Amino acid sequence: MLEQATLDELWLFDDPAQSESRFRVELERGGPWDDTERAELTTQLARAIGLEGRFDEAAALLIELDDGAPVVGVRVLLESGRLMNGSGHPDAAAGLFRQAASIAHRADLLFLRVDALHMLAIVDPDGAEDWTAQAAAVAEESPDPRTRRWLVSLHSNLGWYRLEAGDPSAALESFTEASRWADLVGTEDQRTWAAEAIAECTAALEASEE
């Protein structure tokens, strides 16, 4: 299976078209990828195409994948769920993310299990607190710093959810925790975003107390 660092190098999330091009180049050049890794790359190509709004094209790529490896099955479910959510069907997406989380759990794919739980927190806002807690527990137990990096996004997303729900005090707790993990395992961008979130939340909290 692919190392997440390999996918990190290929992805430009603020430029899905360029990401699509990068994944196509890797798939067209053949090696050094084995069949399972090529299938994983194809799931990411589908994700990039989906981010460009070409949902049917992305779904067609995913339907063709039948590698049999658990990691491919989980990635297909994850990206199918993201396509469903992106096209306005969060309830259907939730079912796919639940399946992805379950298979990832059985196959000990911690990074992908956290990804699935984090997506559940997005598509099922009523359960956001519980899904985030589950995802954080898995991430904190991981020996892999890249998997623990999920803790920045998890706590940050929960912070925005709490702030939008009108609870700036609880939101500040989440943003502070996100900042702590950003300092421990995050990127420079994540540290900057965490500081900005704390500043915005602090201002909202002060305004609510006036």
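Our structure's up above, just so we're on the same page.
This one's a predicted model, so the numbers in the text were calculated from it and none came from an experiment.

This paragraph deals with the environment of Val138. Among the structural elements, Val138 can be located in helix α8 (residues 128–141). Its relative accessible area of 7% is what places Val138 among the buried residues. With 66 residues separating them in the primary sequence, Val138 and Val72 have C-alpha atoms 20 Å apart. Among all residues touching Val138, those that are not within four sequence positions of it are Leu110, Arg113, Val114 and Leu117.

Before going further, it helps to spend a moment on the environment of His118. Here His118 lies in helix α7 (residues 110–123). Along the sequence, His118 and Trp181 sit 63 residues apart, while their C-alpha atoms lie 16 Å from each other.

Turning our eyes to something else, we now look at unusual backbone geometry. Non-glycine residue Asp108 carries a positive phi angle of around 60°. For Asp108, the position within the fold is in the loop between α6 (90–106) and α7. Residue Asp108 is classed as exposed on the basis of its relative accessible area of 57%.

What follows is about the pattern of salt bridges. Pairing between side chains of opposite charge can happen when the charged atoms of each approach one another. All told, the structure shown has 14 salt bridges when counted by the stated rule. A salt bridge links Arg24 to Glu20; the nearest nitrogen and oxygen atoms lie 3.0 Å apart. Of the two residues, Arg24 and Glu20 both sit in helix α2 (residues 16–28), 4 residues apart, roughly one turn of that helix. Judged by relative accessible area, which is 30%, Arg24 ranks as partly exposed. In this structure, Asp115 engages Arg82 in a salt bridge whose closest nitrogen and oxygen atoms are separated by 3.0 Å. Pair noted here: Asp115 is in helix α7 and Arg82 is in helix α5 (residues 70–86), with a separation of 33 residues, a long-range link. The same class applies to Asp115 as to Arg82, namely buried. The network of salt bridges with common partners includes Glu20, Arg24, Glu52, Arg54 and Glu57.

Conventions and cut-offs
- Residues numbered from 1 in each chain as written.
- Predicted model: local features only at pLDDT ≥ 70, side-chain atom pairs only at ≥ 80, totals over all residues.
- Heavy atoms only, no water.
- Helix = DSSP H or I, 4+ residues; strand = E, 2+ residues; numbered from the N terminus.
- Buried < 20%, exposed > 50% of the residue type's maximum accessible area, 1.4 Å probe, protein only.
- Contact = heavy atoms within 4.5 Å.
- Salt bridge = Lys/Arg side-chain N within 4 Å of Asp/Glu carboxyl O.

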